[in-house]
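Here's the letter readout for the chains.
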Amino acid sequence: MSLPATGMPPESVLAALETLRVDDPPVHGGRVLAYVYDADVDGLADVGRRALAAFGEVNGLDPTVFRSVARIENDLVGWGLDLLGGDEAACGLVSSGGTESCILAVLAAREEWRRRGGAGQPSVVLPVTAHPAFAKAAHLLGLRVRRVRVDPATCRVAARDVESALADEGASSALVVVSAPSYAHGVVDPVAEVAAVAQERGVPCHVDACIGGLVLPYVRRQGRSVPDFDLSVPGVRSLSADLHKYGFSPKGASLLLFSDVDYRLGTYFAYSDWPGYPVVNSTLQSTRSAGPMASAWAVLHALGDEGLADAVRRCVAATDRIVAAVAAIPGLCVAAEPDSTLIALAADHGAEAVDPFVLADRMRDRGWVIQPQPAYAGLPRTAHLTVQPASLATVDAFVADLAAAAAVSRVEVSADPGLVELAGQIDPAVLGAADIAGLLEVAGLGGDAAGLPDESAAVHALIEALPTALRDRLLAGFISGVFTADRSA
Ligand SMILES: Cc1ncc(COP(=O)(O)O)c(C=O)c1O
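Quantities reported herein were computed from a predicted structural model and do not represent experimental measurements.

Student: I'd love a proper account of the overall build of the chain, names of residues and values included.
Tutor: Helix and strand counts for the chain stand at 16 helices and 13 strands. By the compact-globule yardstick of 23 Å for 489 residues, the chain fits well, its C-alpha radius of gyration being 23 Å. In terms of overall dimensions, the chain has a C-alpha envelope of 65 × 60 × 55 Å along the principal axes. Put simply, the chain has 489 residues, and 50% of those count as buried. For the chain, contacts bridging at least 24 residues in sequence account for 72% of all contacts bridging at least 6. About 22400 Å² of surface is accessible on the chain, with carbon and sulfur atoms providing 56% of the total. Side chains of the chain give 37 positive and 58 negative charges; the mean places of these two sets differ by 3 Å.

Written out as structure tokens, the structure is:
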């Protein structure tokens, strides 16, 4: 880009900016069943946007100067603690999102492990279904990841498997993670059982409730059974719950709650050994916009407790409708009965099986975005749905299109075995950017790397079949290609 010689009028700037979204799917309306969370409440998005703008320039770096930051954060954390089982000693913070909350949870655990005399490299024990944010945290913070299998029938980890992983890891174990629910399958791990085995060994347990933490308490209020998962469970020392997911606020806000202030202190970074202002950060950011937390505050107040309960009620109703409709579609099933408002669609091999990857393509033809997820560790290939309150208004159209799309998705797409064998001989560590570009070309992802081809099932099947290290390298290369600076103008 090159800047205009003289500044443009504000309306023209905003109109020009808006044109950059031309290829984006809509963030409202329920057509996109991943990445976005539409409460479908008139005027709500506008409240969030206005609060975001009003506080966008307020700097959360120093709450002694911008006092509103501490007020807003304390309000949000207090609400979260009341909702999610925090006792008198519990506390929390607001971060920029789920990944930052997960990283900070791992940091708090690592610091406690060190304080207690941990030596060598600490490890984090987690189910294979835990969100990659924990692998990222381990990568950044120098922990080893010990993955634990989940039961392919339930998609949940078993406490006894966590127990034996902890026994193997011994004094290295710094943290155990469980999901409530997992992103991929929408099921809640047995939090109480896992936290108990962790507590027996003096290891803290983190509950990743990033996506369901603000939903499950309201599901329980509807009289449905929800397994114990929150801070009131013995052994649970921290819990993450994202405001920018089912708190329906604009992106950039997550709650991270802790059992006690000493544990939270592990996330703080203070530094005064230089001639400038003393730095004290409770999160990974230093300067941080108060916009996201202010907009979360505004959205929650605009909804109110009943509004949130109603949003969850609509979400659950839509989830039930979709699960019931799937049961009537030959060749399709849910990978697990959802505990929350996420669904993983899988092939039902009792009938002519529907391929979830092909299904995602055929749903895209009909204007819906659902998300392909690879087979992994005995778990089937699936298509993910993040069901939203807005899904209820569109559920009839969705299930009709799902049945029609399934009818033309009863073909299994698999990777070319020759290509997979060839790929198996490649050492990802030696692949440079140019090699990656060449391989992506072969995989059908070359050229204009701005998006996936319309027929993406074969690409997903190939990615699924590749060795993990190689596919991670190729995926990084693919996204790196998307971020090619525009210097043409
Ligand atoms: C269970 C869970 N944990 C962590 C994350 C990461 O959250 P974010 O994308 O906000 O960084 C997600 C995202 O979907 C999630 O579902």
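Okay, back to it.
Student: An account of the site of the ligand is needed here, citing residue identities and associated values.
Tutor: Taken together, Gly 97, Gly 98, Thr 99, His 131, Pro 181, Tyr 183, Asp 208, Cys 210, Ile 211, Asp 242, His 244 and Lys 245 make up the full set of residues adjacent to the ligand. Here Asp 208 contributes a side-chain N or O atom positioned 2.6 Å from a nitrogen atom of the ligand. Take Lys 245: an N or O atom from its side chain is 2.8 Å from an oxygen atom of the ligand. The protein chains hide 83% of the 390 Å² of surface that the ligand would expose on its own. Among the residues making up the shell around the ligand, the classes are represented as 4 nonpolar, 5 polar and 3 charged.

Student: Which residues make up empty space enclosed by the protein, and what are the values?
Tutor: A full pass over the atoms with the stated rule returns 1 cavity of 30 Å³ or more. Empty space within the largest cavity amounts to approximately 40 Å³. Surrounding the largest cavity, Gly 30, Leu 33, Ile 322, Trp 368, Ser 391, Thr 394 and Phe 398 form its lining. At 3 residues, helix 12 (residues 389-407) tops the list of elements feeding residues into the lining of the largest cavity. A breakdown of the residues in the lining of the largest cavity according to their chemical character gives 4 nonpolar, 3 polar and no charged.

Student: Provide a residue-level description of the packing of aromatic side chains, including the pertinent values.
Tutor: Two measures describe an aromatic ring pair: the distance that separates the ring centres and the angle between the ring planes. Taken as a whole and judged by the stated rule, the model has 6 aromatic pairs. For the ring pair Tyr 37 and Tyr 246, a centre distance of 5.0 Å and an interplane angle of 75° mean the geometry is edge-to-face. Placement of Tyr 37 in the loop between helix 1 (10-19) and helix 2 (44-55) and of Tyr 246 in the loop between strand 6 (236-242) and strand 7 (254-258) is noted, with a sequence separation of 209 residues between them. There is no split in this pair, since Tyr 37 and Tyr 246 are both buried.

Student: Could you give an account of the packing of helix 3 (residues 67-83) against helix 10 (residues 291-327), naming the residues involved and the relevant values?
Tutor: With their axes 10 Å apart at the nearest point, helix 3 and helix 10 run at an angle of 35° to one another. For the element pair helix 3 and helix 10, the recorded crossing hand is left-handed. Side by side, helix 3 and helix 10 meet where Val 69, Ile 72, Glu 73, Asp 75, Leu 76 and Trp 79 of the first sit next to Met 293, Ala 294, Ala 296, Trp 297, Leu 300 and Leu 308 of the second. Residue composition of the contact of helix 3 with helix 10, by class: 10 nonpolar, no polar and 2 charged.

Student: Can you lay out the pairing of strand 11 (residues 342-347) for me, pointing to particular residues and giving the numbers?
Tutor: Among the 6 residues that make up strand 11, 6 are buried, leaving the element largely enclosed by the rest of the structure. Here 3 bridges tie strand 10 (residues 332-334) to strand 11, and the two strands are oriented antiparallel to one another. From the neighbouring strand, Leu 332 faces strand 11, where its bridge partner is Ala 347. Pairing of strand 11 with strand 13 (residues 382-386), which is carried by 5 bridges, proceeds in the antiparallel orientation. Directly across from Ala 346, in strand 13, lies its bridge partner Thr 382.

Student: Break down a nonpolar patch on the surface for me, with residues and values.
Tutor: On the surface, a nonpolar cluster with roughly 480 Å² of combined accessible area is contributed by Met 8, Val 13, Leu 14, Leu 17 and Leu 20. Checked against the element boundaries, Leu 17 lands in helix 1.

Student: I'd like to hear about the layout of surface pockets, residue by residue, with values.
Tutor: Put simply, the second largest pocket is a space of about 520 Å³. Forming the boundary of the second largest pocket are 20 residues, of which Val 27, His 28, Ala 45, Arg 49 and Pro 250 lie nearest the centre. In the lining of the second largest pocket, the residues fall into 10 nonpolar, 3 polar and 7 charged.

Student: Please give an account of the packing of helix 14 (residues 433-442) against helix 16 (residues 468-482) that cites residues and values.
Tutor: Look at helix 14 against helix 16: their axes get within 9 Å of each other, and the N-to-C directions meet at 95°. In terms of orientation, helix 14 lies roughly perpendicular with respect to helix 16. Residues Ile 436, Leu 439 and Leu 440 of helix 14 form the contact with helix 16, whose own contacting residues are Arg 473, Leu 474, Gly 477 and Phe 478. Partitioning the contact of helix 14 with helix 16 into residue classes produces 5 nonpolar, 1 polar and 1 charged.

Student: Would you mind going over the domain arrangement of the chain in detail, with residue names and values included?
Tutor: Here the domain parsing of the chain yields domain 1 (51-298) and domain 2 (417-482). The distance between the C-alpha centroids of domain 1 and domain 2 comes to 33 Å.

Student: Can you tell me about the environment of Glu 100, naming the residues and giving the values?
Tutor: On the secondary structure map, Glu 100 appears in helix 4 (residues 98-115). When its relative accessible area of 6% is taken as the criterion, Glu 100 is described as buried. Separated by 37 residues in the primary sequence, Glu 100 and Ala 137 place their C-alpha atoms 8.6 Å from one another. Residues within four places of Glu 100 in sequence aside, it is in contact with Ser 95, Thr 283, Leu 284 and Gln 285. Among the polar contacts listed, one links the side chain of Glu 100 to the backbone nitrogen of Leu 284, at a separation of 2.7 Å.

Reading the values: the criteria
- Here the residue numbers are simple positions, counted from 1 along each chain's written sequence.
- The predicted nature of this model means local features are confined to residues of pLDDT at least 70 and side-chain atom pairs, given and counted, to a pLDDT of 80 or more, with totals for whole chains, interfaces and linings taken over all residues.
- Each side-chain value is worked out from all heavy atoms of the structure, with water and hydrogens disregarded.
- Helix and strand assignments follow DSSP, with helices taken as H or I runs no shorter than four residues and strands as E runs no shorter than two, numbered in order from the N terminus.
- The globule rule used for comparison is 2.2 Å times the number of residues to the exponent 0.38, while the radius of gyration itself is calculated over C-alpha atoms.
- Three exposure classes are used, based on accessible area relative to the maximum for each residue type with a 1.4 Å probe and protein chains only: buried under 20%, partly exposed in between, and exposed over 50%.
- We call two residues in contact whenever any of their non-hydrogen atoms come within 4.5 Å of each other.
- What sets the accessible areas is the Shrake-Rupley method with a 1.4 Å probe; for residues, cover comes only from the shown protein chains.
- Only four residue types enter the tally: Lys and Arg on the positive side, Asp and Glu on the negative side; His and the chain ends are excluded.
- Taken as the charge centre is NZ of Lys, CZ of Arg, CG of Asp or CD of Glu, depending on the residue.
- By convention in this text, a residue qualifies as near a molecule or strand provided that one of its non-hydrogen atoms is within 4 Å of it.
- Residues adjacent in sequence count toward polar contacts only when both atoms are side-chain atoms; beyond that, a polar contact is any pair of N or O atoms within 3.5 Å, and within protein one must be able to donate a hydrogen and the other to accept it.
- Each residue is assigned to one class: nonpolar for Ala, Val, Leu, Ile, Met, Phe, Trp, Tyr, Cys and Pro, charged for Asp, Glu, Lys and Arg, and polar for all the others, Gly among them.
- A cavity, in this analysis, means grid points on a 1 Å lattice covering only the protein atoms where a 1.4 Å probe fits yet has no way out; a pocket is instead an open set bounded by protein on both sides within 12 Å along at least five of seven lines, and a residue lines either one if it has an atom within 4 Å of a point.
- Grid points are joined across faces, edges and corners, and a volume is the space filled by probe spheres set on the points.
- A pair of aromatic rings is counted whenever rings of Phe, Tyr or Trp (Trp by its six-membered ring) have centres within 6.5 Å, and the orientation is called stacked for planes under 30 degrees apart, edge-to-face for over 60 and tilted otherwise.
- Inter-axis angles, ranging from 0 to 180 degrees, are taken between N-to-C directions of lines fitted to C-alpha atoms, where helices are fitted over the stretch in contact.
- Whether a crossing is left-handed or right-handed is set by the direction in which the near helix is turned from the far one by less than a right angle, anticlockwise for left-handed and clockwise for right-handed.
- Strands qualify as paired when DSSP identifies two bridges or more between them.
- Only residues whose relative accessible area exceeds 30% and that form no salt bridge enter a patch; like-charged residues are grouped when within 9 Å of one another, and nonpolar side chains (Val, Leu, Ile, Met, Phe, Trp, Tyr) when within 5 Å.
- A pairing counts as a salt bridge when a side-chain nitrogen of Lys or Arg comes within 4 Å of a carboxyl oxygen of Asp or Glu.
- Here roughly perpendicular refers to angles of 65 to 115 degrees, roughly parallel to angles under 35, roughly antiparallel to angles over 145, and oblique to all remaining angles.
- Note that the domain bounds were set by an automatic or database domain assignment.

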